[in-house]
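Architecture and fold: a report
The chain contents come next:
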Amino acid sequence: MASSAFCAGAFLATVFLFKTDPDDFLALDALSSKVVAPFQSFTPSEFFIAITTLGSVFSVALISALVIFLIRSQRTLVARFVFASLASGLSVYAGKELIARVRPDGLPWLTQLHSYSFPSGHTAAATTLYGFIAIIVYYRMRKSPMRTVLLVLLTSLVLAIGISRIVLSAHYGSDVLAGFFLGGLSLSLFFTYPLTRKE
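Residues numbered from 1 in each chain as written. Predicted model: local features only at pLDDT ≥ 70, side-chain atom pairs only at ≥ 80, totals over all residues. Heavy atoms only, no water.

The residue Ile135 is located in helix α6 (residues 121–140) in this model. As a C-alpha pair, Ile135 and Leu187 span 52 residues in sequence and 9.4 Å in three-dimensional space. (Helix = DSSP H or I, 4+ residues; strand = E, 2+ residues; numbered from the N terminus.)

As a further point, take the layout of surface pockets. Each pocket or cavity is described by its volume, and for the largest pocket that value is around 460 Å³. Contributing to the lining of the largest pocket are 23 residues, with Val57, Val60, Gly89, Gly121 and Ala125 lying nearest its centre. Secondary structure elements with two or more residues in the lining of the largest pocket: α4 (57–70), α5 (75–99) and α6. With six residues, α5 is the single largest residue contributor to the lining of the largest pocket. Those elements giving two or more residues to the lining of the second largest pocket turn out to be α6, α7 (147–167) and α8 (173–190). The residue inventory of the lining of the second largest pocket, partitioned by class, reads nine nonpolar, six polar and no charged. (1 Å grid on protein atoms, 1.4 Å probe; cavity = no way out; pocket = protein on both sides within 12 Å on 5 of 7 lines; lining within 4 Å. Points joined across faces, edges and corners; volume = space filled by probe spheres on them. Nonpolar A, V, L, I, M, F, W, Y, C, P; charged D, E, K, R; others polar.)

What follows covers α8. With 18 residues, α8 extends 27 Å from end C-alpha to end C-alpha; this agrees with the ideal 26 Å at 1.5 Å per step. A large share of α8 lies buried, amounting to 14 of its 18 residues. (Expected span 1.5 Å × (residues − 1). Buried < 20%, exposed > 50% of the residue type's maximum accessible area, 1.4 Å probe, protein only.)

Our next topic: the packing of α5 against α8. Closest axis-to-axis distance for the α5/α8 pair is 9 Å, and the angle between their directions is 145 degrees. The handedness of the crossing between α5 and α8 is right-handed. Residues Arg80, Phe83, Ala84, Ala87, Ser88, Ser91 and Val92 of α5 form the contact with α8, whose own contacting residues are Leu182, Gly183, Ser186 and Phe190. The residue makeup of the contact of α5 with α8, split by class, is six nonpolar, four polar and one charged. (Axes fitted to C-alpha atoms, helices over the stretch in contact; angles between N-to-C directions. Left-handed = near helix turned anticlockwise from the far one by under 90°. Contact = heavy atoms within 4.5 Å.)

In structure tokens:
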């Protein structure tokens, strides 16, 4: 419950600050843009385009379907994941419509994006999907030496997808931060109770 409260409070505070004084985000967005600027040359950006694809609607839907297929006999676990994914998607949509923030100017070789910027849908979806896989790894691979490696890789992937959205000028840093919070909130709401062996 503590994680749910933290993520919900952090996201609501972010929305409140943005609605009352958008300038509060300028420092964070400026700093994140400055940090990723060296990676926006053509060759590194090709890498980040590949990374960001793993958080796209198509990739997330495909991998989610595969995960559900693999755990299809564990109906409670499947239900938790489906509800967490729906919560993540609906909250992203609501946030975009509420804030209606225009996206930054994308890099010239990217397709023009037409949806609103805040929060980052790629980041929220990646946090929910790969975070869910991390939960399964954590509870089901307690005795495996690979558990730590997989958890680090999944965490790194989520962070990389979020960073890729800034590198590609598809989102501001605060958009990505909000996406992390929403994905984390969606997961924590439906995984407050630990997994059982029957799930």
